[in-house]
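# Commentary on secondary and tertiary structure
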Amino acid sequence: EVQLVESGGGLVQPGRSLKLSCAASGFTFSNYYMAWVRQAPKKGLEWVATISTSGSRTYYPDSVKGRFTISRDNAKSSLYLQMNSLKSEDTATYYCARDTADYWGQGVMVTVSS
Amino acid sequence: EIVLTQSPTTMAASPGEKVTLTCRASSSVSYMHWYQQKSGASPKLWIYDTSNRASGVPNRFSGSGSGTSYSLTISSMETEDAATYYCQQWSSNPYTFGAGTKLELK
């Protein structure tokens with residue numbers, strides 16, 4: 001059974017940093033692209049980042065480019081999202097997703113507020 | 001950026017009623033995914049590559065379309081189908097989602 005379990009969320013002040021983690025199991029992690037998708041409270045879904053199988057290629061929308069960094073550790077079957085210079089508009093539930101989002105984690109809440 | 005416009009924004013359907021949700025892209029995309037999300041839960045892949053049902057999705061659901069116009073159809077509405085449905089394209093970076101259609105039970 002595919003499982004994706006996010007962790008690392010919480011309350012953070014504007015301008016500060018936070019790192020999310022996603023532990024994957026139930027599939028061969030190193031064979032899949034991985035992604036992060038977020039959802040602001042009562043809002044729709046927004047793609048945040050994608051990483052290739054080896055980690056050599058990463059993709060971001062303009063809204064987070066230069067502030068967020070996606071990475072992975074295939075030996076640990078883990079995905080990460082380093083979020084710097086956080087803004088109030090980054091407040092959302094962050095989901096880890098496999099490849100083109102065929103499986104999703106349960107999500108982790110990030111609140112950016114002073 | 002490809003903008004996906006879903007319609008209607010909200011709708012209500014009676015049990016047994018046929019339902020069609022639409023998603024229009026601002027530029028042509030190769031295929032469309034659809035996700036179902038119920039309140040307080042993570043989204044689930046529902047339809048992939050335009051017309052393929054994800055594992056466990058009832059066959060009353062179908063997807064179709066091409067180019068800039070896509071749709072998700074429920075042949076006969078059931079209580080459990082009440083949810084928000086999002087379309088999404090993975091054809092062109094940034095990989096955009098529609099704003100969603102909230103489907104309620106009448």
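Residues numbered from 1 in each chain as written. Chains lettered and ligands numbered in written order. Predicted model: local features only at pLDDT ≥ 70, side-chain atom pairs only at ≥ 80, totals over all residues. Heavy atoms only, no water.

In this section: the overall build of chain A. Along the backbone of chain A there are zero helices and 11 strands. Counting helices and strands in the order they occur from the N terminus, chain A gives β-β-β-β-β-β-β-β-β-β-β. Taken over C-alpha atoms, the radius of gyration comes to 13 Å for chain A, in line with the 13 Å a tight globule of 114 residues would show. For the C-alpha atoms alone, the extent of chain A along its principal axes is close to 40 × 25 × 25 Å. Counting over 114 residues, chain A shows a buried share of 46%. Taking as baseline every contact in chain A between residues at least 6 positions apart, the subset at least 24 positions apart corresponds to 52%. If you sum the accessible surface of chain A, you get close to 5,300 Å²; carbon and sulfur atoms cover 44% of it. Side chains of chain A give 12 positive and 9 negative charges; the mean places of these two sets differ by 5 Å. (Helix = DSSP H or I, 4+ residues; strand = E, 2+ residues; numbered from the N terminus. Rg over C-alpha atoms; globule rule 2.2 N^0.38 Å. Buried < 20%, exposed > 50% of the residue type's maximum accessible area, 1.4 Å probe, protein only. Contact = heavy atoms within 4.5 Å. Areas by Shrake-Rupley, 256 points an atom, 1.4 Å probe, with all protein chains shown as cover. Lys, Arg positive; Asp, Glu negative; His and termini not counted. Charge placed at Lys NZ, Arg CZ, Asp CG, Glu CD.)

Attention shifts here to the pattern of salt bridges. Inspection of the entire model under this criterion finds nine salt bridges over all chains. The shortest N-O distance in the salt bridge between D90 of chain A and R38 of chain A comes to 2.9 Å. With D90 of chain A in the loop between β8 (78-83) and β9 (92-98) and R38 of chain A in strand β4 (residues 34-39), this pair connects stretches of sequence that are 52 residues apart. Residue classification places D90 of chain A among the buried residues on the basis of a relative accessible area of 0%. The class for R38 of chain A is buried, based on a relative accessible area of 6%. Linking K102 of chain B and E104 of chain B is a salt bridge whose minimum nitrogen-to-oxygen distance equals 3.8 Å. (Salt bridge = Lys/Arg side-chain N within 4 Å of Asp/Glu carboxyl O.)

Let us now look at the sheet that holds strand β6 (residues 52-53) of chain B. Within a sheet, each strand pairs with its neighbour through backbone hydrogen bonds, oriented either parallel or antiparallel. Residue and element names in this part refer to chain B. With mixed pairing, six strands are arranged side by side in an open sheet as β2-β10-β9-β4-β5-β6. The strands lining the two open edges of the sheet, one partner per strand, are β2 (10-13) and β6. Across three bridges, strand β9 (residues 83-88) lies against strand β10 (residues 101-105) in antiparallel orientation. Note on β10: the bridge partner recorded for T84 is K102. (Pairing = 2+ DSSP bridges.)

If you look at the interface, chain A gives 21 residues, while chain B gives 13 residues. Taken as a group, L45, W47 and T100 of chain A account for 43% of the area that chain A buries against chain B, more than any other trio of residues on that side. Between the two partners, chain A and chain B, sit five residue pairs in polar contact (both at pLDDT 80 or more). Secondary structure elements with two or more residues in the side of chain A that touches chain B: β4 and β5 (45-51) of chain A. A total of four residues in the side of chain A that touches chain B trace back to one element, the largest contributor, which is β5 of chain A. (Buried area = accessible area lost by both parts, 1.4 Å probe. Polar contact = N/O pair within 3.5 Å; in protein donor to acceptor, adjacent residues only side chain to side chain.)

This next bit is on the sheet that holds strand β7 (residues 68-73) of chain A. All names here are of chain A. Taken together, four strands build an open sheet; the order of strands is β1-β3-β8-β7 and the sheet is antiparallel. At either margin of the open sheet sits one strand with a lone partner, and together these are β1 (3-7) and β7. Neighbour-to-neighbour, the strand axes of the sheet open up by a mean angle of 15°, direction not taken into account. The pairing of strand β3 (residues 18-25) with β8 spans six bridges and is classified as antiparallel. When the sheet's bridge partners are listed, C22 is paired in β8 with L79. (Axes fitted to C-alpha atoms, helices over the stretch in contact; angles between N-to-C directions.)

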